[in-house]
Amino acid sequence: MRVKVGLAQIYPRVGDVQGNLRKHLEYVERAAQDGVDLLVFPELSLTGYQVMDLVSEVAIGTNARDPVFAQMLQASHQLDLVFGFVQRDVRNRFFIAAAYLSGGECLHVHHKVYLPTYTMFDESRYFDQGEAVRAFDTRFGRVGVLICEDFWHISPPYLLWIDGADMLLMQSASPARGLDGGDRLAGTRWVELVNQAYGSMFTNYVIHCNRVGYEDGKNFWGGSSVVNPDGEFLTSGLYFDEALITQEIDLNQVHRTRSRLPLLRDERPHLIQRELTRILDQQDRD
């Protein structure tokens, strides 16, 4: 199966849900006209990143009763899409969330599990932690969604791999942090190496959309990419500018790569479970 993937590398305006919604719908129209099957937006694409005390004002629900979510559901009749937002649950907790929509239905909502609260980041002050990492079925097969810090930890992508995901959809709002020893932005090479490592280790497609623009002195660098199951970039390296990036992928490549490199076949999750139980029991005793 061939799937045309779109990466909506946008510059959302912080707190401007209605303006950002219009931009989402414009990108959906553009992508649909270009024959895109699956469109991925960045982390918190509907709200901007530095929402801080605006959290309660920009939060939305995840059903058709919410007018913003309803418009995104309607847009998903044109193509499958993943977008980022602040979710308010029934008990008034707030999560950094990503929803996968298809054919007017919400197939999955992921809550960001790891909330960075160090250096320039202060997420756990405003948001609750997600408590699940799960793959789910789509018309393109089984996929998983992760948000930024989730994929700087190896356990969430590993869990999705074991849970049957053949595509990892990754959103981020990753800012640049100065230059490295040369002329590259610090952090970009590391992010790109991680994406390539996950593609090759998990013999999966890795589809990563990072935002661009500025907020509160932070410069978001973009660089959205698609990595194939051999760990090779199919597209990468567009920095700083808004763009609709498209790339066709061949899901049969997953089967070809795993025939040559049967890492999934030889993985031993029960050994991992047993040894983790031993380690945690020992830590409890200590």
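Our structure's up above, just so we're on the same page.
Rules used throughout
Residues numbered from 1 in each chain as written. Predicted model: local features only at pLDDT ≥ 70, side-chain atom pairs only at ≥ 80, totals over all residues. Heavy atoms only, no water. Salt bridge = Lys/Arg side-chain N within 4 Å of Asp/Glu carboxyl O. Buried < 20%, exposed > 50% of the residue type's maximum accessible area, 1.4 Å probe, protein only. Helix = DSSP H or I, 4+ residues; strand = E, 2+ residues; numbered from the N terminus. Polar contact = N/O pair within 3.5 Å; in protein donor to acceptor, adjacent residues only side chain to side chain. Contact = heavy atoms within 4.5 Å. Pairing = 2+ DSSP bridges. Axes fitted to C-alpha atoms, helices over the stretch in contact; angles between N-to-C directions. Core = buried A, V, L, I, M, F, W, Y, C linked by side-chain atoms within 4.5 Å.

Q: Break down the pattern of salt bridges for me, with residues and values.
A: According to the stated counting rule, one finds 18 salt bridges in the structure shown. Linking Asp-89 and Arg-93 is a salt bridge whose minimum nitrogen-to-oxygen distance equals 2.7 Å. Residue Asp-89 is classed as buried on the basis of its relative accessible area of 13%. Two residues, Arg-142 and Asp-163, come together in a salt bridge whose shortest N-O distance is 3.5 Å. Of this pair, Arg-142 sits in strand 7 (residues 141-147) while Asp-163 sits in the loop between helix 4 (155-162) and strand 8 (167-172); the two residues are 21 residues apart in sequence, bridging distant segments of the chain. Its relative accessible area of 24% is what places Arg-142 among the partly exposed residues.

Q: Go over the side chain of Thr-138, please, and point to the residues and values.
A: Looking at where Thr-138 falls in the secondary structure, it is placed in strand 6 (residues 136-138). Among the polar contacts listed, one links the side chain of Thr-138 to the backbone nitrogen of Phe-140, at a separation of 3.0 Å. Contact partners of Thr-138, with chain neighbours within four places excluded, come to Tyr-100, Leu-107 and Val-143.

Q: Account for the sheet that holds strand 2 (residues 38-40), with residues named and values stated.
A: The six strands lie next to each other as 5-4-3-2-1-14, forming an open sheet whose pairing is mixed. With one partner strand each, in any of the chains shown, strand 5 (105-111) and strand 14 (243-250) form the two edges of the open sheet. Taking each pair of neighbouring strands and ignoring which way they run, the sheet shows an average axis angle of 30°. Summarising the sheet, strand 3 (residues 80-88) and strand 4 (residues 94-102) pair through eight bridges and their orientation is antiparallel.

Q: Can you lay out the nonpolar core for me, pointing to particular residues and giving the numbers?
A: As a rule of thumb, soluble globular proteins bury nonpolar side chains together. Counting residues in each nonpolar core, the largest one holds 65 residues, and the members touching the most others are Leu-39, Phe-83 and Met-167. At seven residues, strand 4 tops the list of elements feeding residues into this core. Setting aside anything within four residues of it in sequence, one finds Phe-83 in contact with His-24, Phe-41, Ser-45, Leu-46, Phe-69, Met-72, Ala-97, Ala-98, Ala-99, Leu-101 and Gln-171. Core analysis: the second largest hydrophobic core is formed by 16 residues, Val-133, Met-170, Tyr-198 and Val-206 among them.

Q: How would you explain the environment of Phe-220 if you had to name every residue and give the values?
A: As for its placement among the helices and strands, Phe-220 is situated in strand 11 (residues 218-221). Residue Phe-220 is classed as buried on the basis of its relative accessible area, which comes to 0%. For the pair Phe-220 and Asn-210, spaced 10 residues apart in sequence, the C-alpha to C-alpha distance is 7.8 Å.

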